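Chain residues, written in single-letter form:
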Amino acid sequence: AAEGAELLKATQLKARKKHLRFQRSKIHDWGLVAQEPIESEDLVVEYVGELIRPQISDIRERLYEKMGIGSSYLFRLDDGYVVDATKRGGIARFINHSCEPNCYTKVISVEGQKKIFIYAKRHIAAGEEITYNYKFPLEDKKIPCNCSSRKCRGSLN
Ligand SMILES: Nc1ncnc2c1ncn2[C@@H]1O[C@H](CN(CC[C@H](N)C(=O)O)CC2CN(CCC(c3ccccc3)c3ccccc3)C2)[C@@H](O)[C@H]1O
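Here the residue numbers are simple positions, counted from 1 along each chain's written sequence. Thresholds applied to this predicted model are a pLDDT of at least 70 for local features of residues and 80 or more for the giving and counting of side-chain atom pairs; totals over whole chains, interfaces and linings are not thresholded and use all residues. No hydrogens and no water enter the side-chain calculation; it runs on all heavy atoms of the structure.

(A) Seen up close, a nonpolar patch on the surface. In this analysis, a patch consists of residues with relative accessible area above 30% that form no salt bridge, clustered at 9 Å for like charges and at 5 Å for the nonpolar side chains Val, Leu, Ile, Met, Phe, Trp and Tyr. In these tables, accessible area is a Shrake-Rupley quantity obtained with a 1.4 Å probe, and a residue counts as shielded only by the protein chains included in the view. For this analysis, a salt bridge means a side-chain nitrogen from Lys or Arg found within 4 Å of a carboxyl oxygen belonging to Asp or Glu. On the surface, Leu63, Met67 and Ile69 cluster together into a nonpolar patch covering about 270 Å² of accessible area. Numbering of helices and strands runs from the N terminus; a helix is a DSSP stretch of H or I covering at least four residues, while a strand is a stretch of E covering at least two. When you line up the elements, Met67 lands in the loop between helix H2 (54-66) and strand S5 (74-76). Partly exposed residues are those whose accessible area sits between 20% and 50% of the maximum for their type, while under 20% is buried and over 50% is exposed, using a 1.4 Å probe and protein chains only. Residue class for Met67 comes out exposed when judged on its relative accessible area of 51%.

Okay, here's the thing in structure tokens:
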């Protein structure tokens, strides 16, 4: 049953993939834009990258900082593990944050492998930019938020 569900998900993702394009974003640099309408609760995309242990991600984060890459394509999981999409990443790495997002993320363990899926939390019209809440931990050094939604909190962290 699990494999079946997994296979179905994979085909859904493949079908969906051709209707997502990364384009210039009004929020920041590049973003992921829906080319066709997406129904609420539909699976949009998987955040594909390398699953790395907390210790490794700290080292990589410092490395990326040194390389001037700044905020990298790291997706932090609750248990400290990180999915790093910097080298080998899918299009989901271009998704920007919004304080009033149209998607949400869900971490699902498939045969012990943690996978991050992004689902629509409402109907998304063609041409809309895909967004989710990054849920960055609060920090002193603020990254100003440019989501321009009514409930914008003003910063990502
Ligand atoms: N609501 C928001 N308001 C204001 N800012 C927002 C909002 N949402 C997201 N952001 C910004 O987007 C970041 C997240 N970002 C989401 C996508 C991004 N739009 C983009 O265009 O890539 C992915 C990261 C951006 N970085 C790019 C690195 C790139 C690089 C770095 C330096 C020089 C050249 C290139 C790089 C390239 C190749 C390999 C490694 C790094 C990764 C957040 O950390 C924040 O800075």
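Next comes the rest of the account.
(B) Representation of the side chain of Asn96. For Asn96, the position within the fold is in strand S7 (residues 96-97). Judged by relative accessible area, Asn96 falls into the buried class, the value being 7%. Here a polar contact means two N or O atoms within 3.5 Å. Within protein one must be a hydrogen donor candidate and the other an acceptor candidate, and residues neighboring in sequence count only if both atoms are side-chain atoms. Here the side chain of Asn96 touches His28 through a polar contact of 3.3 Å, landing on its backbone oxygen. Among the polar contacts made by the side chain of Asn96, one reaches the main-chain carbonyl oxygen of Trp30 at a distance of 3.2 Å.

(C) Examining the site of the ligand more closely. Neighbouring the ligand are 21 residues, the closest being His28, Trp30, Asn96, His97 and Asn146. A distance of 3.3 Å is found between an oxygen atom of the ligand and a side-chain nitrogen or oxygen belonging to Tyr73. Side-chain polar atom of Asn96 to a nitrogen atom of the ligand: 2.7 Å apart, as the coordinates give it. Out of a free accessible area of 870 Å², the ligand has 74% covered by protein chains. Near is defined per residue: the residue qualifies when any heavy atom it owns lies within 4 Å of the molecule or strand.

(D) Geometry of unusual backbone geometry. In the Ramachandran plot, Lys135 falls in the positive-phi region, its phi being about 50 degrees despite a non-glycine side chain. Inspection of the secondary structure assignment puts Lys135 in the segment after strand S10 (131-132). The class of Lys135 is exposed, set by a relative accessible area of 64%. The backbone of Ser148 shows a phi angle near 50 degrees, a positive value even though the residue is not glycine. Looking at where Ser148 falls in the secondary structure, it is placed in the segment after S10.

(E) Just the sheet that holds strand S4 (residues 50-52), in detail. Being paired, for any two strands, means DSSP has found at least two bridges between them. Strand order in this open sheet of three strands is S4-S6-S5, and the pairing throughout is antiparallel. Lying at the two open borders of the sheet, with one neighbouring strand each, are S4 and S5. With strand direction ignored, the average angle separating the axes of adjacent strands in the sheet is 25 degrees. Strand direction decides the pairing type here: S5 and strand S6 (residues 82-84), joined by three bridges, are antiparallel. The residue bridging Leu74 from the neighbouring strand is Asp84, located in S6. Throughout, a residue-residue contact means that at least one pair of heavy atoms, one from each residue, lies within 4.5 Å. Simply put, an axis is a line fit to the C-alpha atoms, just over the touching stretch for a helix, and the angle between two N-to-C directions goes from 0 to 180 degrees. Set on the sheet, H2 makes contact with S4, S5 and S6; between it and S4 the angle comes to about 110 degrees.

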